[in-house]
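So the chains spell out like this:
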Amino acid sequence: MWPSRPFRRRGFTLLEALLATVITAVVLGAIYTMYLANQETFLRGEARSDLQQSARIAMDAMLRALHGLGYDPRLTGRFGFRDPANPGGGAGCPDGSVGCATQAEIRFTMDDDGDGLVDDVGTERVGFRLRDGILQKVKPGAALNPQPLATGITALRFTFLDAAGRTIPDPPDAASNLAPGQRDAIRRVRIELTASRDVRREMYAFSLTSEALLRNLPP
């Protein structure tokens, strides 16, 4: 019978340990790099989604309001773009005006409670404008009381069209508030809105265009 040899446990050499360490570091580094890339993609997508959602909410709010423009169940002729305080139109929208139509701002009224009067309370006075990247909803009158509707809005433009689809005026005038006769001819309002944001060191812009049919105005 052969004499038994003592069992020797063989450990890792220094070279094997270093090699295993290097391989583990490379694998972990690759996994971490993939994690960072996926995280960056997720954060970019989330920021872009938030920007798009904000722009769509702002557009929907303006369209809903415009659909009620000029609602006048008693046929008083006082609602819509009519403005006794600013009957002649001209440049810009005076703070006290309740009827205004420019490329940059819009104000109008509707008879929400059906009493035939333009009331100071409630939702009968409506306006929208862009100030310092903030789309504001205003309440036309002595005090505009602006309320932020959406942030990150970098461009807002209103285009007014008559029943035949022609722009008012033609060509459009960026500076002027439409005259009363021109306001009365409006049948559709086109809204062009752009929201922009620095998304993870990359500027991202999202634009929307929609038209509102002013169904409550007389033909």
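Notes on the structure in this doc start here.

Parameters and conventions
- Residues numbered from 1 in each chain as written.
- Predicted model: local features only at pLDDT ≥ 70, side-chain atom pairs only at ≥ 80, totals over all residues.
- Heavy atoms only, no water.
- Helix = DSSP H or I, 4+ residues; strand = E, 2+ residues; numbered from the N terminus.
- Buried < 20%, exposed > 50% of the residue type's maximum accessible area, 1.4 Å probe, protein only.
- Pairing = 2+ DSSP bridges.
- Salt bridge = Lys/Arg side-chain N within 4 Å of Asp/Glu carboxyl O.

## Observations regarding the overall build of the protein chain
Then comes step 1: Tallying secondary structure elements over the protein chain gives 2 helices and 11 strands in all.
Then comes step 2: Listed by position from the N terminus, the elements making up the protein chain come as α-β-β-β-β-β-β-β-β-β-α-β-β.
Then comes step 3: Within the protein chain, the proportion of its 219 residues that are buried is 36%.

## A look at the pairing of strand S7 (residues 153-161)
Then comes step 1: In this structure, S7 lies alongside strand S10 (residues 188-198), joined through 8 bridges in antiparallel fashion. By the bridge assignment for S10, alanine 155 is matched with threonine 194.
Then comes step 2: Summarising the sheet, S7 and strand S8 (residues 167-168) pair through 2 bridges and their orientation is antiparallel. Bridge pairing in S8 links leucine 161 to threonine 167.

## Quick notes on the pattern of salt bridges
Two side chains of opposite charge can pair, provided their charged atoms sit close to one another.
Then comes step 1: Under the defined criterion, the tally for this structure stands at 6 salt bridges.
Then comes step 2: Notably, a salt bridge pairs glutamate 105 with arginine 131, separated by 3.8 Å at the nearest N-O pair. Of this pair, glutamate 105 sits in strand S3 (residues 105-109) while arginine 131 sits in strand S4 (residues 125-131), and the two are 26 residues apart along the sequence.
Then comes step 3: Residue glutamate 105 is classed as buried on the basis of its relative accessible area, which comes to 7%.
Then comes step 4: A relative accessible area of 34% places arginine 131 in the partly exposed class.
Then comes step 5: For the salt bridge of aspartate 162 with arginine 166, the shortest nitrogen-to-oxygen distance reads 3.1 Å.
Then comes step 6: Overlapping salt bridges bring together Glu105, Arg107 and Arg131 as one network.

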